[in-house]
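# Residue-level structural notes
Listed below, chain by chain, are the residues.
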Amino acid sequence: MQAKKMQEILNRFLKAETIIISRHARPDGDAVGSSLGLAEILRVSFPEKRIFADNEDFYDSLAYLGSEGAHPTDEDYQNATVVTVDCATVDRISNKRYSMGRELIKIDHHANMDPYGDLQWVEAGRSSTCEMIVEFALFFPEKLTINQKAATLLFAGMVTDSGRFRYRETAPSTLRYAAAMMEKGVDTQFLYANMYLEEPRILQFHAEIIRKIQYTKNGVAWIHISRSYRRRKHLTMQEASEVNNLMESTKGSMIWLAFIECDDKSIRVRLRSRFVEIRNLAEQYGGGGHACACGATVYSPEEEAKLIAEADKMLEKFKKEHPDLF
């Protein structure tokens, strides 16, 4: 907990007349939950202020969390406090106007590879940015109000980014904050139905793709999904990327790689692992993220094969050093 940092952020919110919140592009539940959740807290707490969520891409798969509402004009930015949430690097901000404001605040739970902004609150050990927003609001109960809508948004981000509270960053405080949000009236059945129920076409895709998973000598599971296959199956990038979830339950496999061809012919890589820290591997391919959950990009079959080979060596070394885990 960084009390001084949170106090400084609150002080800037109190002084601001306009606050504009942005997140990372191609958002997940944490990005949407933290941006809309913080916006809702500020609107309820300071009805006299102008609060916006402003981003350039959309999130059809997360539409059940609600919309951003009206977007600000260029004039709104002139004296605004701009906040980015869940966005480690400037190039991933889903808002080209982020620098037009009076000041920029960064709130994030990724490694601080790009320390941008006038004020930064970054805690890489947190399970989600939503968890940080919950702590922030609860730390100032006389100033900030969490209503049911905000609690639902923040709980959704906590659940999704912690892998239903299974990932290593999940701490006792994570569960306490989740419980605090449930006490605000979160409808968990509504959320879980939207998060985890699948259309028949997606279940059919999963059944087909499981047979295509490949394994290296030391147990790295990987799959390549081409552009033509995505189009044939009418898959979004997000739907295709979720194949990591199909590989993680394989015994003896502790690194899982999903290679998804993009429309621009680059190949997005989604890296996940159990126990093994793979962030350094992702960073070698222009990516980053968490210790065991990262993203990267490769641009050719040769680069893809090299990444797989390096992951295999990494897993071989890890297994030799930790025989008791198997």
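That block above? That's the structure.
Since the structure is predicted, the reported quantities are computational estimates derived from the model, not experimental observations. (Residues numbered from 1 in each chain as written. Predicted model: local features only at pLDDT ≥ 70, side-chain atom pairs only at ≥ 80, totals over all residues. Heavy atoms only, no water.)

Our next topic: the sheet that holds strand E8 (residues 255-261). The strands making up a sheet associate through backbone hydrogen bonding, with each pair oriented either parallel or antiparallel. Across the sheet, six strands lie side by side as E6-E7-E8-E9-E11-E10; this open sheet has mixed pairing. Each edge of the open sheet carries a strand with a single partner, namely strand E6 (214-215) and strand E10 (288-289). As judged from the seven bridges shared by E8 and strand E9 (residues 267-273), these two strands associate in the antiparallel manner. Of the residues in E9, the one forming a bridge with Ala 258 is Arg 270. Strands in contact with helix H13 (residues 301-321) are strand E7 (221-225), E8, E9 and strand E11 (293-298); relative to E8, the strand with the most contacts, it is inclined by about 170 degrees. (Pairing = 2+ DSSP bridges. Helix = DSSP H or I, 4+ residues; strand = E, 2+ residues; numbered from the N terminus. Contact = heavy atoms within 4.5 Å. Axes fitted to C-alpha atoms, helices over the stretch in contact; angles between N-to-C directions.)

The tally for this structure, following the rule as stated, stands at 23 salt bridges. Of the charged contacts in the structure, one is a salt bridge between Arg 201 and Glu 199, with a shortest N-O distance of 2.9 Å. Overall, Arg 201 belongs to the partly exposed group, its relative accessible area being 31%. Given the relative accessible area of 46%, Glu 199 is considered partly exposed. (Salt bridge = Lys/Arg side-chain N within 4 Å of Asp/Glu carboxyl O. Buried < 20%, exposed > 50% of the residue type's maximum accessible area, 1.4 Å probe, protein only.)

Let us now look at unusual backbone geometry. Residues other than glycine predominantly adopt negative phi, and peptide bonds predominantly adopt the trans conformation. Not every positive phi belongs to a glycine, and Asp 86 is a case in point at roughly 55 degrees. One can find Asp 86 in the loop between strand E3 (81-85) and strand E4 (103-108). The buried category is assigned to Asp 86, whose relative accessible area is 2%. In this structure, Phe 165 is a non-glycine residue whose phi angle is positive, near 65 degrees. Looking at the element boundaries, Phe 165 is found in the loop between helix H5 (148-161) and helix H6 (172-182). Residue classification places Phe 165 among the partly exposed positions, given a relative accessible area of 24%.

This part takes up the sheet that holds E4. Reading across the sheet, the five strands line up as E2-E1-E3-E4-E5 and stay open at both edges, with parallel pairing between neighbours. Lying at the two open borders of the sheet, with one neighbouring strand each, are strand E2 (50-53) and strand E5 (119-122). Neighbouring strand axes in the sheet, compared pairwise and without regard to direction, differ in orientation by 15 degrees on average. In the sheet, strand E1 (residues 18-22) pairs with E3 via four bridges, with the strands oriented parallel.

Here Ser 67 is to be found in the loop between E2 and helix H3 (74-77). Ser 67 sits 32 residues away from Ser 35 along the chain, and the two C-alpha atoms are 11 Å apart. In contact with Ser 67, other than residues within four places in its own chain, are Leu 36 and Tyr 59.

Let us now look at the packing of aromatic side chains. For the structure on display, the rule yields nine aromatic pairs. Centre to centre, the rings of Phe 136 and Phe 140 are 5.6 Å apart; their planes meet at 70 degrees, and the pair counts as edge-to-face. Accessibility assignment for this pair places Phe 136 and Phe 140 in one class, buried. Both rings, one in Phe 205 and one in Tyr 229, keep their centres 6.1 Å apart while their planes meet at 45 degrees; by these two values the pair is tilted. Remark: Tyr 229 occurs in helix H9 (residues 227-233) and Phe 205 occurs in helix H8 (residues 200-210); sequence separation between them is 24 residues. According to the relative accessible area criterion, Phe 205 is buried, its value standing at 2%. Taken together, the ring pairs in this structure connect Phe 13, Trp 121, Phe 136, Phe 139 and Phe 140 into an aromatic cluster. Seen from the ring of Phe 46, Lys 49 lies directly overhead, with NZ or CZ sitting 5.5 Å from the centre. The ring of Tyr 196 has Arg 164 lying over it, and the distance from NZ or CZ to the ring centre is 4.2 Å. (Phe/Tyr/Trp six-rings, centres within 6.5 Å; stacked < 30°, edge-to-face > 60°. Lys NZ or Arg CZ within 6 Å of the ring centre and 35° of its normal.)

Glancing now at the pairing of E9. Among the seven residues that make up E9, six are buried, leaving the element largely enclosed by the rest of the structure. Counted between consecutive antiparallel strands, the loop separating E8 from E9 contains five residues, among which Lys 265 sits at a positive phi close to 80 degrees. Here E9 pairs with E11 via six bridges, running antiparallel. Paired with Val 269 across the bridge in E11 is Ala 296.

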